[in-house]
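Notes for the structure review
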Amino acid sequence: MKKQNLTLTIDTTKATGKVSPLHYGLMTEEINYSYDGGLYAELIRNRAFLDDAKNPVHWSSVGGATLALDTALPVNNVLTTSLRVEATAAGAGAANDGYWGFPITPNTNDKASFFARGSVGALTLTLQSRDGKTIYAQTRVSAVGEGWKKVTATLKTGNVAPTTDAIFTITAEKPGTLWLSLVSLFPPTWNNRPNGFRRDLMQLLVDLKPGFLRFPGGNYLEGNTIATRFDWKKTIGPLETRPGHPCPWGYRSSDGMGLLEFLLWCEDMDAEPVLGVYAGYSLRGEFVKPGPDLEPYVQEALEEIEYITGSTSTKWGAQRAKDGHPKPFKLQYVEVGNEDFFDRSGSYDGRFAQFYDAIKAKYPNLKVVSTVGNEQPASKRVKSRKPDALDEHYYRKAADFIRDSPTHFDRYDRKGPEIFVGEWAAHEEIAPWLPPSRNLPATPSMKAALGDAAFMTAMERHADFVTMQCYAPLFVNINPGGRQWRPDLIGYDALRSYGAPSYYALKLFSTSVGDELLKVSLAGAPLLASVTRQSKTGKLFVKYVNPGETPQAVTLQLAGAKSVKPEATVTTLAAPPDETNSMENPSKVISKTTKIGNIKPEFSYTFPPYSITLITLETR
Ligand code: AHR
């Protein structure tokens, strides 16, 4: 193969723009069992017996008991259904199969709670293997009586080997009838938050240093119908007052992960919320006409903003305090809807305008984001108002990102609106919405990561007006039936988790970024590089993608640099395109960091085949 002479020139004389401090963030919604069976640490599946109207799905009989759903004498008007357990013998009861098992880890305290009534004597709670031969943890609680009683208990494992081969059982001391409702079991959570988040998944997220979190969707915000939208008021307060709702990805959401939990999640990551408000359009085509019909939804959004940002002297700020968080949260961006270019009614311009005017009137400092970007036909875009930002979504083949990234944002108006790339991900060949994609692993290979990295260089080179960007979807439960969409960034089962090569590509970009943009050009090949500088220290972060099968020898010219520290740090993520990570081999494709010497204002470096590289230089 012909050797190419490539020169990467970095103009260090002046910054061409400021890097948005929120450039790197995360996007989330309930998809692929992201919360229930994912980040939300609840272990009991169908805890409120509302997942199926006819059968107590995910519950089974223990010791010959008869199980049935019962709507007589509910706990309250939200927990409308309970599980009736007819125990014909001592030791009979009910078992839950969890989200594809339970995480059993040594010396762990899991906290159980449930509502119960009946006359079966003391109750025994057990975490045991599916075949019943191994007891991992067990405890006994006193008998309950006629009326509903909330029971709490702790299950402590001993020095057991980690496994997901487990079920959770509640069994009776003597024959009789037992009713159960809102059965819950939590392992230790991140920051020990009650009703909190899985620790391993939080660690993976915190390691990315995200600036913001876009929530609650995505399609999850819109719902299939207006009635099944993300109706935030039904997601706050004690769990027994949250009814849950069907999510558009084919299963029911418990709403244990409600509005406040999203905000606490942001707080735990030191990230800002970017709030999507329901804007009167749902996926199956229902929409609300702008004007008086839309007004209740506009009010709902204003109240939601008040819940997040209002002082405790406001109605919804006081509610937030009552829910446990007196301090208001920071909020700068509100997005009106999601992918409203799918709305064929032509109502988005009017709906957007009504939300925009109401939000700006009450919260003039908030930036209002339109969900229709430049990559959509002009006829779909908002014209009656100037949105502060446009949300653009890119699900593309890796090869297409590689082809397009050298110039993609060059035609954009740097003066605005800002661009928010609110969803993006490279796939290897098969688009996420095509049925054959179901046969592929949930998380993508290095081939996709190369496309992702190419696109990140484009976004980062324009990080003054591409103010925010986030990969989607973030999570996938890799068990059969757990996935509705691929590729996804982070895979997990009940016990373990891992990042795709794309996760490590994102980490390489998001954790090493300056506050200034430097002009970078590449002679001899299309530009798949970006350079930022930390103004305080003069540190340069050079990111370079070589998507090809041959090494690329590049001369790096630091134009205008008076001096450069002779030693630099190089972080490389390199692997053949088909290589990937998996639960069995979670670290096959991860980045490696080394030191290189002899760095001068002009130096050479050879980028390996199929590689994503960060060179950190210190200039003066
Ligand atoms: O990320 C998966 C889905 O893709 C999102 O819910 C939706 O906004 C987009 O079409």
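Everything numeric here is computed off the predicted structure, so don't read it as measured data. (Residues numbered from 1 in each chain as written. Predicted model: local features only at pLDDT ≥ 70, side-chain atom pairs only at ≥ 80, totals over all residues. Heavy atoms only, no water.)

Structural notes on helix α5 (residues 315-322)
Under the convention used in this document: Between buried and exposed lies partly exposed: a residue is buried under 20% and exposed over 50% of the maximum accessible area for its type, with that area taken using a 1.4 Å probe on protein chains only. Counting from the N terminus, the helices are the DSSP runs of H or I reaching at least four residues and the strands are the DSSP runs of E reaching at least two. Arc definition: directions from the helix axis to the C-beta atoms. Residue contacts are counted whenever heavy atoms from the two residues lie within 4.5 Å of one another.
All of the buried residues in α5 are W316, G317 and R320. Relative to the axis of α5, the buried residues are bounded by an arc of 105° and lie together on one face. Turned more than 90 degrees away from the buried face of α5, the exposed residues are K315 and K322. Where α5 is buried, its residues touch α3 (259-269) and α4 (295-309).

A few points about the pattern of salt bridges
Counted only if it meets this: Whenever a carboxyl oxygen of Asp or Glu lies within 4 Å of a side-chain nitrogen of Lys or Arg, that contact is scored as a salt bridge.
With the rule as written, the count across this model stands at 32 salt bridges. The salt bridge involving D493 is made with R496; its shortest N-O contact spans 3.1 Å. Taking the relative accessible area as the measure of exposure, D493 reaches 9% and is therefore buried. Judged by relative accessible area, R496 falls into the partly exposed class, the value being 38%. When salt bridges that share partners are traced, they join R214, E335, D391 and E423 into one network.

As for the site of the ligand
The line we're drawing: Throughout, the term near means that a residue has one or more heavy atoms lying within 4 Å of the molecule or strand in question. In protein, a polar contact requires one atom able to donate a hydrogen and another able to accept it; more generally it is a pair of N or O atoms within 3.5 Å, and residues adjacent in sequence count only if both atoms are side-chain atoms. Computed by Shrake-Rupley with a 1.4 Å probe, the accessible areas treat only the displayed protein chains as cover when residues are assessed.
Neighbouring the ligand are E29, I31, G218, N219, W249, N338, E339, Y395, E423, P473 and W485. In this structure, N338 approaches the ligand through a side-chain N or O atom, which is 3.0 Å from an oxygen atom. Measuring from an oxygen atom of the ligand, one finds a side-chain N or O atom of E339 at 2.7 Å. In isolation the ligand exposes 280 Å². Once the protein is present, 95% of that is buried.

Quick look at the side chain of E29
Here is the rule: Working convention for charge: Lys and Arg count positive, Asp and Glu count negative, and His plus the chain ends are omitted.
By the secondary structure assignment, E29 is in the loop between β2 (26-27) and β3 (59-62). Summary of buried charges: E29 has no salt-bridge partner, and the nearest side chain of opposite charge, R214, is 7.0 Å away. A polar atom in the side chain of E29 sits 3.0 Å from the backbone nitrogen of Y220. Here W249 takes part through its side chain, which lies 3.2 Å from a polar atom of the side chain of E29. Setting aside residues up to four positions removed in sequence, E29 forms contacts with S34, Y35, P216, G217, G218, N219, Y220 and W249.

Some words on the environment of F212
One can find F212 in strand β13 (residues 212-215). The spatial distance from the C-alpha of F212 to the C-alpha of P21 is 9.6 Å, given a sequence separation of 191 residues. Sequence-distant contacts of F212, defined by excluding residues within four places in its chain, comprise L22, H23, Y24, G25, L26, A271, E272, V274, F420, M468, Q469 and C470.

Remarks on the domain arrangement of the chain
Put simply, the rule is: Start and end positions for the domains come from either an automated domain assignment or a database one.
Each domain of the chain was delimited in the assignment, giving domain 1 (4-15 + 516-618), domain 2 (26-42 + 190-510) and domain 3 (59-186). Using C-alpha coordinates to define each centre, domain 1 is positioned 55 Å away from domain 3.

Re the nonpolar core
Quick note on the threshold: For our purposes a nonpolar core is just a set of buried Ala, Val, Leu, Ile, Met, Phe, Trp, Tyr and Cys residues, chained together by side-chain atoms within 4.5 Å.
Among the nonpolar cores identified, the biggest contains 131 residues, and W265, F355, F409, I490 and I612 are the most heavily contacted of them. By residue number, the principal contributor to this core is helix α8 (residues 446-461), which donates ten residues. Ignoring anything within four residues of it in the chain, the contact list for F355 reads V277, Y278, A279, L294, Y297, V298, A301 and V336. Listed in part, the 37 residues of the second largest apolar core include A112, F114, L123 and V151.

Structural notes on the sheet that holds strand β32 (residues 611-618)
The criterion, for reference: By the convention used here, strands pair only if DSSP detects at least 2 bridges between them. The angle between two axes is taken between their N-to-C directions and runs from 0 to 180 degrees, where each axis is a line fitted to C-alpha atoms and a helix contributes only its stretch in contact.
Reading across the sheet, the nine strands line up as β30-β29-β32-β27-β26-β25-β1-β28-β31 and stay open at both edges, with mixed pairing between neighbours. Of all the strands in the sheet, the pair left with one neighbour each is β30 (592-596) and β31 (602-607). Taking the axes of each pair of neighbouring strands and ignoring which way they run, one obtains an average angle of 25° across the sheet. For strand β29 (residues 568-574) and β30, the ladder comprises five bridges, and the chain directions are antiparallel.

Let's talk about the packing of aromatic side chains
In this description, a pair of aromatic rings is defined by centroid distance and the angle of the planes. Basically, it comes down to this: Think of it this way: a Phe, Tyr or Trp ring, Trp meaning its six-membered ring, pairs with another when their centres are within 6.5 Å, and the plane angle makes it stacked under 30 degrees, edge-to-face over 60, tilted otherwise. Cation placement over rings: the criterion is NZ of Lys or CZ of Arg within 6 Å of the ring centroid and within 35° of the ring normal.
Inspection of the entire model under this criterion finds 36 aromatic pairs. Between Y33 and W100, the ring centres sit 5.1 Å apart and the planes meet at 90°, which makes this aromatic pair edge-to-face. Placement of the pair is Y33 in the loop between β2 and β3 and W100 in the loop between β6 (93-96) and β7 (109-118), with a sequence separation of 67 residues. With respect to class, Y33 is no different from W100; both count as buried. A connected cluster of aromatic rings, assembled from ring pairs, spans Y394, F401, F409, Y412, W424, F455, F465 and Y471. Here R117 stacks its cationic end above the ring of W179, 3.9 Å away from the centre of that ring.

Describing the sheet that holds strand β24 (residues 497-499)
If you walk across this open sheet you meet the three strands as β22-β23-β24, and the pairing is mixed. Each edge of the open sheet carries a strand with a single partner, namely β22 (475-477) and β24. Strand-to-strand twist in this sheet, taken as the mean axis angle between neighbours without regard to direction, amounts to 20°. Strand direction decides the pairing type here: strand β23 (residues 490-492) and β24, joined by three bridges, are antiparallel.

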